[in-house]
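Reading the structure
As a plain string of letters, each chain reads:
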Amino acid sequence: MLLIANGSHQDVSPSCRAECITRLLAHQKSGVVVIDDAFRILKEYQHKTKPNQPKGVGDAFLKWLLQNAANGKRVHRVAITETASDEFAEFPDPALQPQFDAPDRKFAAVANAHPDKPPVWQGADCKWLNWWPQLDAQGVKVEFLCPADVSRFYAAKFPAHSVPDFPPHA
């Protein structure tokens, strides 16, 4: 989502980029972000953005997140237990975990570990269409911010399959 807001994902629509920017700016103004206690999420974001030289909304959001990481009113840090490389005890559905992209597992684990089970925002990664029903069954919601883009990417990536349904709250 940060890359989309930065304009670094060339294949997304302008409306998708606008939605990601709107969500990040609104959250930065008055929301709470949930991350893991070992800063795995922040480290991943830092590999993909430039918070020290912000050029885009995603970069600026990461800079804000780094500056507020210790502010419990704006950033909640939850403990997740890494049982193997990129595998977590808090992952909502142990049978689903091996199907997940390894770098994505921490997002579902963090959402599940937080007492409020905040939704996972998904910008353009179409594989989450295959995973949301099992996550939803465990109480972890996925919000697809760019359903038209996700549908287009899914159809291109999996041409032999029909595009799965979106969650009812998408």
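The coordinates are above.
Here we summarise the structure given alongside this text.

**Details of helix H3 (residues 40-48)**
Counting along an α-helix, one turn takes 3.6 residues, and residues three or four places apart therefore face a common direction. Turning to H3, its buried residues number three or more, namely Arg40, Ile41, Leu42 and Glu44. At its buried positions, H3 is contacted by strand E1 (33-36), helix H4 (57-67), strand E3 (82-84), strand E4 (87-88) and helix H5 (105-113).

**Notes on the environment of Gly139**
Mapped onto the elements of the fold, Gly139 is located in the loop between helix H6 (128-137) and strand E6 (142-144). Separated by 21 residues in the primary sequence, Gly139 and Pro118 place their C-alpha atoms 9.4 Å from one another.

**Structural notes on the environment of Trp131**
Of note, Trp131 is situated in helix H6. Between the C-alpha atoms of Trp131 and Leu25, which are 106 residues apart in sequence, the distance is 27 Å. The contacts of Trp131, once residues within four sequence positions are left out, are Leu96, Gln99, Phe100, Asp101 and Asp104.

**Here's the deal with the side chain of Asp125**
Tracing the backbone through its elements, the reader meets Asp125 in the loop between strand E5 (120-122) and H6. Here Lys127 takes part through its side chain, which lies 3.1 Å from a polar atom of the side chain of Asp125. For Asp125, the residues in contact, after removing those within four places along its chain, are Asp101, Asp104 and Phe144.

**Things to note about the pattern of salt bridges**
Pairing between side chains of opposite charge can happen when their charged atoms approach one another. Enumeration according to the criterion identifies nine salt bridges in this entry. For the salt bridge of Arg23 with Glu19, the shortest nitrogen-to-oxygen distance reads 2.9 Å. You can see Arg23 and its partner Glu19 sitting in helix H2 (residues 14-30), four residues apart, about one turn around the helix. Judged by its relative accessible area of 25%, Arg23 falls in the partly exposed class. The partner of Lys141 in a salt bridge is Asp136, with the nearest N and O atoms 2.7 Å apart. A relative accessible area of 23% means that Asp136 is categorised as partly exposed.

**Considerations on the nonpolar core**
Counting residues in hydrophobic clusters, the biggest one holds 47 residues, and the most contacted among them are Leu65, Phe100, Trp128 and Leu135. With sequence-adjacent residues up to four places away left out, Leu65 is seen in contact with Val33, Ile35, Leu42, Tyr45 and Val75.

**Looking at the state of the cysteines**
Scanning the model with the defined rule gives one disulfide in all. Cys20 carries a free sulfur, and the closest cysteine sulfur to it, the one in Cys146, is 4.2 Å from it. Relative accessible area serves as the criterion here: at 0%, Cys20 is assigned to the buried category.

**With respect to the packing of aromatic side chains**
Summed over all chains, the structure comprises eight aromatic pairs. Summarising the aromatic geometry, the rings of Phe100 and Trp131 are spaced 3.8 Å apart at their centres and angled 25° between planes, so their arrangement reads as stacked. Separated by 31 residues along the polypeptide, Phe100 in the loop between E4 and H5 and Trp131 in helix H6 bring together distant segments of the chain. Overall, Phe100 belongs to the buried group, its relative accessible area being 3%. Judged by relative accessible area, Trp131 falls into the buried class, the value being 4%. A centroid spacing of 4.7 Å and a plane angle of 45° characterise the contact between Tyr154 and Phe158, whose relative ring orientation is tilted. What makes Tyr154 buried here is its relative accessible area of 4%. An aromatic cluster is defined as three or more aromatic residues linked by ring pairs; in this entry it consists of Phe91, Phe100, Trp128 and Trp131. The residue whose ring lies beneath Arg23 is Trp121, and the NZ or CZ to ring-centre distance is 5.1 Å.

Analysis parameters
- Residues numbered from 1 in each chain as written.
- Predicted model: local features only at pLDDT ≥ 70, side-chain atom pairs only at ≥ 80, totals over all residues.
- Heavy atoms only, no water.
- Buried < 20%, exposed > 50% of the residue type's maximum accessible area, 1.4 Å probe, protein only.
- Helix = DSSP H or I, 4+ residues; strand = E, 2+ residues; numbered from the N terminus.
- Contact = heavy atoms within 4.5 Å.
- Polar contact = N/O pair within 3.5 Å; in protein donor to acceptor, adjacent residues only side chain to side chain.
- Salt bridge = Lys/Arg side-chain N within 4 Å of Asp/Glu carboxyl O.
- Core = buried A, V, L, I, M, F, W, Y, C linked by side-chain atoms within 4.5 Å.
- Disulfide = S-S within 2.5 Å.
- Phe/Tyr/Trp six-rings, centres within 6.5 Å; stacked < 30°, edge-to-face > 60°.
- Lys NZ or Arg CZ within 6 Å of the ring centre and 35° of its normal.

Function-wise, these values are silent; they only describe arrangement.
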